[in-house]
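Chain by chain, the residues:
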Amino acid sequence: MIQAQKGTKDILPEEVSDWQKMENIAKKVFSKANFKEIRTPIFEATELFARGVGDSTDIVNKEMYTFEKSERSLTLRPENTAGVVRAYIEHGFSRLPQPVKLWYKGPMFRYERPQAGRQRQFHQVGVEMFGSAEPSADAEVINLAVKYLNELGLNDLDIEINSLGCPECRKKYREAIKEVLKPYLKDLCEDCNFRYEKNPLRILDCKVESCKKIFEKEEIQKVILGDFICEDCKEHFDKVKEYLTALNIPYKINKLLVRGLDYYNRTVFEIKSNNLGSQNAVCGGGRYDSLVETLGGVPTPAVGWAMGMERLNSLIEKTADERLDVFVISENLAETFKIIDELRNAGFSAEFDYANRKFKKQIDKAAKTAKYALILMADELKSNTVTLKNLDTSEQINVSRTDYLDKIN
RNA sequence: GCGGGUGUCGUCAAGUGGUUAAGACCUCGGAUUGUGGUUCCGAUAUACAUGGGUUCGAAUCCCAUCAUCCGCCCCA
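Procedures and definitions
Residues numbered from 1 in each chain as written. Chains lettered and ligands numbered in written order. Predicted model: local features only at pLDDT ≥ 70, side-chain atom pairs only at ≥ 80, totals over all residues. Heavy atoms only, no water. Axes fitted to C-alpha atoms, helices over the stretch in contact; angles between N-to-C directions. Helix = DSSP H or I, 4+ residues; strand = E, 2+ residues; numbered from the N terminus. Parallel < 35°, antiparallel > 145°, perpendicular 65-115°, else oblique. Left-handed = near helix turned anticlockwise from the far one by under 90°. Contact = heavy atoms within 4.5 Å. Pairing = 2+ DSSP bridges. Near = heavy atom within 4 Å. Polar contact = N/O pair within 3.5 Å; in protein donor to acceptor, adjacent residues only side chain to side chain. Nonpolar A, V, L, I, M, F, W, Y, C, P; charged D, E, K, R; others polar. Salt bridge = Lys/Arg side-chain N within 4 Å of Asp/Glu carboxyl O. Buried < 20%, exposed > 50% of the residue type's maximum accessible area, 1.4 Å probe, protein only. Patch = residues over 30% accessible without salt bridge, like charges linked within 9 Å, V, L, I, M, F, W, Y side chains within 5 Å. Areas by Shrake-Rupley, 256 points an atom, 1.4 Å probe, with all protein chains shown as cover. Core = buried A, V, L, I, M, F, W, Y, C linked by side-chain atoms within 4.5 Å.

**Structural notes on the packing of helix α1 (residues 13-32) against helix α5 (residues 135-151)**
Helix packing geometry: the angle between the two helix axes and the distance between the axes.
Now for step 1: Between α1 and α5, the shortest axis-to-axis distance is 10 Å and the interhelical angle comes to 135 degrees. With respect to α5, the element α1 is oriented oblique. Along this stretch, α1 crosses α5, giving a crossing that reads as right-handed. On α5, the residues that touch M22, I25, A26, K28, V29 and F30 of α1 are L144, K147, Y148 and E151.

**Topic: the sheet that holds strand β4 (residues 72-76)**
Now for step 1: Spatially, three strands are ordered β2-β4-β3 in an open sheet, and the strand pairing comes out antiparallel. Edge positions in the sheet fall to β2 (43-45) and β3 (65-69), since each of these pairs with one other strand and no more. The average angle at which neighbouring strand axes cross in this sheet is 35 degrees, direction not considered.
Now for step 2: Those strands touched by helix α2 (residues 46-54) are β2, β3 and β4, and its axis lies near 75 degrees from that of β2.

**Quick notes on the protein's contact with RNA strand B**
Now for step 1: Neighbouring RNA strand B are 47 residues; R110, R202, R259, G260 and S394 lie closest to it.
Now for step 2: In RNA strand B, atoms within 4 Å of the protein come from the sugar-phosphate backbone in 54% of cases.
Now for step 3: D58 places a polar side-chain atom, nitrogen or oxygen, 3.3 Å from a sugar or linking oxygen of RNA strand B.
Now for step 4: Note that a base oxygen of RNA strand B is positioned 3.3 Å from one of the side-chain N or O atoms of E112.
Now for step 5: The residue inventory of the surface near RNA strand B, partitioned by class, reads 14 nonpolar, twelve polar and 21 charged.

**Some details on the pattern of salt bridges**
Now for step 1: The full count for this structure, using the stated rule, is 23 salt bridges.
Now for step 2: With a closest N to O distance of 2.7 Å, D289 and R287 form a salt bridge.
Now for step 3: Of the residues examined, R287 reaches a relative accessible area of 0% and is grouped as buried.
Now for step 4: D364 is paired through a salt bridge with K368; the nearest N and O atoms lie 3.7 Å apart. On the criterion of helical spacing, the pair formed by D364 and K368 is a turn pair, its members being four residues apart in helix α14 (residues 359-369).
Now for step 5: Through salt bridges with shared partners, a single ionic network connects E335, K338, E342 and R401.

**A word on the side chain of R287**
Now for step 1: Mapped onto the secondary structure, R287 falls in strand β10 (residues 281-287).
Now for step 2: Separated by 3.2 Å, the side chain of R287 and the backbone oxygen of E134 make a polar contact.
Now for step 3: Among the polar contacts made by the side chain of R287, one reaches the side chain of D138 at a distance of 2.7 Å.

**Quick look at the sheet that holds strand β9 (residues 265-272)**
Now for step 1: The strand order β1-β5-β6-β11-β10-β9-β7-β8 describes an open sheet built from eight strands, whose pairing is mixed. Two strands in the sheet have a free side with no partner beyond their single neighbour: β1 (36-37) and β8 (252-253).
Now for step 2: Strand contacts of α1: β5 (100-109), β6 (121-130) and β11 (302-308), with the helix running at about 165 degrees to β5, the strand carrying the most contacts.

**Some remarks on a nonpolar patch on the surface**
Now for step 1: Together, I42, F43 and F67 give the surface a local cluster of nonpolar side chains, amounting to about 240 Å² of exposed area.
Now for step 2: Residue position: F67 is located in strand β3.

**A short note on the nonpolar core**
Side chains that are nonpolar tend, in soluble globular proteins, to be buried together.
Now for step 1: If you look at the biggest cluster of nonpolar residues, it comprises 53 residues, and the most contacted ones within it are F130, F215 and I220.
Now for step 2: With residues near it in sequence (within four places) discarded, F130 still touches V84, V85, Y88, Q98, P99, V100, L102, Y288, V292, T300, P301 and A302.
Now for step 3: Of all hydrophobic cores here, the second largest spans 42 residues; its members include V127, I142, I159 and L276.

**A closer look at the packing of α5 against helix α10 (residues 231-246)**
Now for step 1: In contact at an axis separation of 8 Å, α5 and α10 are set at 40 degrees when each is read in the N-to-C sense. As far as their axial angle goes, α10 and α5 are oblique. Like other packed secondary-structure pairs, α5 and α10 cross with a definite hand, here right-handed. Listed contacts from α10 to P135, S136, D138, A139 and I142 of α5 are H236, K239, V240, Y243 and L244.
Now for step 2: Counted by class, the contact of α5 with α10 contains six nonpolar, two polar and two charged residues.

So this is what it looks like as structure tokens:
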């Protein structure tokens with residue numbers, strides 16, 4: 001028996017309405033802010049991700065689905081920012097009035113060990129805003145994320161923000177961390193030692209108790225809490241915070257929030273839920289002012305975020321299955337087809353018993369699946385009427401074939 | 001890549017060395033043939049993940065493999 005591949009899932013009929021809800025609300029919320037949907041290909045040149053996402057990241061190093069076809073190296077997209085940036089450049093969006101505001105949804109692929117809230121094929125919905133370096137763009141984008149979540153009925157969320165500063169600030173910060181941690185390296189865990197070389201900013205949110213203890217030391221705390229970002233970056237960050245406050249968006253500053261993709265600078269943020277298990281981030285994003293240039297476009301500041309739709313899905317309230325409007329009960333399939341057609345053309349959902357079983361079976365089925373039973377047996381046919389039964393109230397009326405449609409609601 | 005849990009019918013689930021391997025839901029049929037979702041009766045199935053072992057005997061013990069779940073790493 002061939003099964004769905006590890007880390008992939010079928011979205012079953014009874015789940016589809018939840019996914020449509022996520023998609024419809026996305027469209028509604030984002031278009032109100034004049035964000036336009038963009039759909040980019042599922043696979044791209046491998047190099048796009050190597051350069052865009054960054055080849056020091058795990059995503060690029062060990063999680064990409066890469067394959068060769070006619071001497072090209074292709075990769076199933078592990079995220080969509082790089083693809084959207086590529087499209088922005090390729091179609092000369094820099095000549096459009098800025099900012100250019102885009103949103104997307106769709107499947108992404110990462111080769112990882114599946115666990116709660118993590119699959120190999122998963123779906124993201126995200127927004128990207130190009131061409132504005134203003135802190136108002138950061139705030140707008142965060143605002144949209146919060147709006148979207150609220151519209152989905154999610155209110156109990158932790159919004160964390162941080163500023164990584166510009167490349168210069170970040171370098172200073174990195175050096176300072178390495179400096180202060182150096183004496184403790186031998187006491188830190190293996191992962192921390194690895195991070196020390198690869199991504200020192202990341203080291204501080206280690207979950208190993210013995211490491212955490214070390215980080216509590218005064219001189220380390222001083223570095224963590226110290227302000228390494230330059231005046232410009234600080235001003236930018238202050239503005240973002242000011243706007244969020246004006247928007248009534250409760251946020252927490254998390255100095256340890258770093259994010260794993262190489263392209264971020266200045267504002268980064270995450271939205272978390274406590275109901276997700278260990279993969280608790282439902283949204284992550286930030287500013288990426290150098291990515292467009294890195295990928296060969298004219299220098300263009302940008303900011304955006306992505307949400308994991310599977311994680312969203314596990315948080316939202318499940319929608320109940322829609323009941324059928326009308327179930328037609330009859331012993332004459334030719335007549336049934338006529339009336340079914342009328343019903344459907346009038347906008348009602350309608351079904352009947354293809355096997356033309358006995359009356360009792362049919363009404364049984366109707367009661368289980370529909371709001372109305374429309375009875376069209378010999379008597380009705382003879383008098384050119386139909387019997388319409390409201391299955392909730394058990395009320396039953398006999399109406400003429402010509403105006404029964406008005407009696408359904 | 002590393003660590004841990006779990007694998008019995010479509011679903012849930014009993015069973016811990018000797019059973020025809022319970023039960024429930026779902027599905028289907030019936031309860032004197034035009035009125036239901038409650039009830040009653042009945043039917044259906046190649047269900048013990050796979051392959052090895054231990055044993056007179058294994059769903060039950062051991063090993064391996066696979067799958068799945070949870071955690072680490074990382075991320076949405």
